[in-house]
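Survey of secondary and tertiary structure
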Amino acid sequence: MSKEISQAVIRRMPRYYRYLGELIDEGVERISSNELSTRMNVTASQIRQDLNNFGGFGQQGYGYNVKYLYEEIGKIMGLSEQHNIIIIGAGNLGQAIANYVKFERLGFVTIALFDVNPDICGKTIRGIPIMLVDEMEDFIATHKVDIAALTMPKEKAGAIAKQLVGYGVHAIWNFAHVDLEIDDDVVVENVHLSDTLMQLSYNIVKSRNEKK
């Protein structure tokens, strides 16, 4: 798609997908932008603008076919194909991600974890093997790896990321507390869990002050 889509729109697409999935579970076959806006607390105009970036999908007087729109948004986000993930760092966070089965329902399948600790290597998480980081290059060479998740201390993340790029991995899901600087052809999603907690803290304080 040649049209440049803003990151703000892209960030809203998973939310549309989630709400549409809930509508399917409820047996809803079609919905108007006004009805969807009420559920999502997003204006109907915003919904129409967002979806028009990808072709619209709605019919005047009918609204949106829920199942069709759900499937089309899934295709837009690449959820119609499987994405194999490896996790580097098999500590609490890495194991939690490997244990979260909902990722697999979305097509994100963890196929291996890697760690420097020999005491946990050879063990499995839900049948997924934990291997030594030294085995990572050979594993990537013999398996299709789409995404590498980094759940390690920030001091090691940069060096590991460069290794991964050298091994041919072009998408990194980074949970280390550092913003990675990598070549332009590598897609990086930096996830700072503490940032969301600080935003929550701000909103708690704001809400408390408004009630005074």
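Everything here concerns the structure above.
Residues numbered from 1 in each chain as written. Predicted model: local features only at pLDDT ≥ 70, side-chain atom pairs only at ≥ 80, totals over all residues. Heavy atoms only, no water.

Some thoughts on the overall build of the chain
Counting secondary structure elements, the chain contains 9 helices and 9 strands. With respect to the principal axes defined by its C-alpha atoms, the chain has extents near 60 × 50 × 35 Å. Relative to its 212 residues, the chain shows a buried fraction of 39%. For the chain, the share of sequence-separated contacts (at least 6 apart) that also reach a separation of at least 24 residues comes to 55%. A total of about 13000 Å² of accessible surface is found on the chain, and carbon and sulfur atoms cover 50% of it. (Helix = DSSP H or I, 4+ residues; strand = E, 2+ residues; numbered from the N terminus. Buried < 20%, exposed > 50% of the residue type's maximum accessible area, 1.4 Å probe, protein only. Contact = heavy atoms within 4.5 Å. Areas by Shrake-Rupley, 256 points an atom, 1.4 Å probe, with all protein chains shown as cover.)

Let's talk about the pairing of strand E4 (residues 108-115)
Judged by how many residues are buried, E4 sits mostly within the fold: 6 of 8 residues are covered. Alignment of strand E3 (residues 83-88) against E4, held across 6 bridges, turns out to be parallel. If you follow His-83 over to E4, its bridge partner there is Phe-108. The pairing of E4 with strand E6 (residues 128-132) spans 3 bridges and is parallel. Pairing of Asp-115 across the sheet is with Leu-132, part of E6. (Pairing = 2+ DSSP bridges.)

Notes on the nonpolar core
Residues Ile-86, Ile-88, Phe-114, Met-136, Leu-150 and Leu-164 are the most contacted members of the largest nonpolar core, which totals 23 residues. Mapped onto this core, the elements with two or more residues apiece are E3, E4, helix H7 (136-142), strand E7 (147-150) and helix H8 (154-166). Grouped together as the second largest cluster of nonpolar side chains are 21 residues, Tyr-17, Leu-36, Ile-47 and Phe-54 included. (Core = buried A, V, L, I, M, F, W, Y, C linked by side-chain atoms within 4.5 Å.)

Notes on the sheet that holds E7
Read from one edge to the other, the open sheet built from 7 strands follows the order E5-E6-E4-E3-E7-E8-E9, with strand pairing classed as mixed. Only two strands of the sheet have a single neighbouring strand rather than two, namely strand E5 (124-125) and strand E9 (187-190). Together, E3, E4, E5, E6 and strand E8 (171-174) form the strand contacts of helix H5 (residues 92-99), whose direction differs from that of E4 by roughly 155°. Against the sheet, H8 engages E3, E7 and E8, with an angle of about 170° to E7. (Axes fitted to C-alpha atoms, helices over the stretch in contact; angles between N-to-C directions.)

Some points on the pairing of E8
Residues Ala-171 and Trp-173 point to one face of E8 and Ile-172 and Asn-174 to the other, with burial holding for every one of them. Here 3 bridges tie E7 to E8, and the two strands are oriented parallel to one another. What sits directly across from Ala-148, in E8, is Ile-172. Traced from E7 through H8 to E8, the parallel crossover comes out right-handed. Pairing analysis gives 4 bridges linking E8 to E9, with the strands arranged parallel. By the bridge assignment, Asn-174 is partnered in E9 with Asn-190. (Right-handed = clockwise from strand over helix to strand, strands pointing away.)

Brief notes about the environment of Asp-185
Within the fold, Asp-185 resides in the loop between E8 and E9. Residue classification places Asp-185 among the exposed positions, given a relative accessible area of 52%. As a C-alpha pair, Asp-185 and Glu-71 span 114 residues in sequence and 28 Å in three-dimensional space.

Notes on the packing of aromatic side chains
Inspection of the entire model under this criterion finds 6 aromatic pairs. Grouped by ring-pair contacts, the aromatic residues Tyr-100, Phe-103, Trp-173 and Phe-175 constitute a single cluster. (Phe/Tyr/Trp six-rings, centres within 6.5 Å; stacked < 30°, edge-to-face > 60°.)

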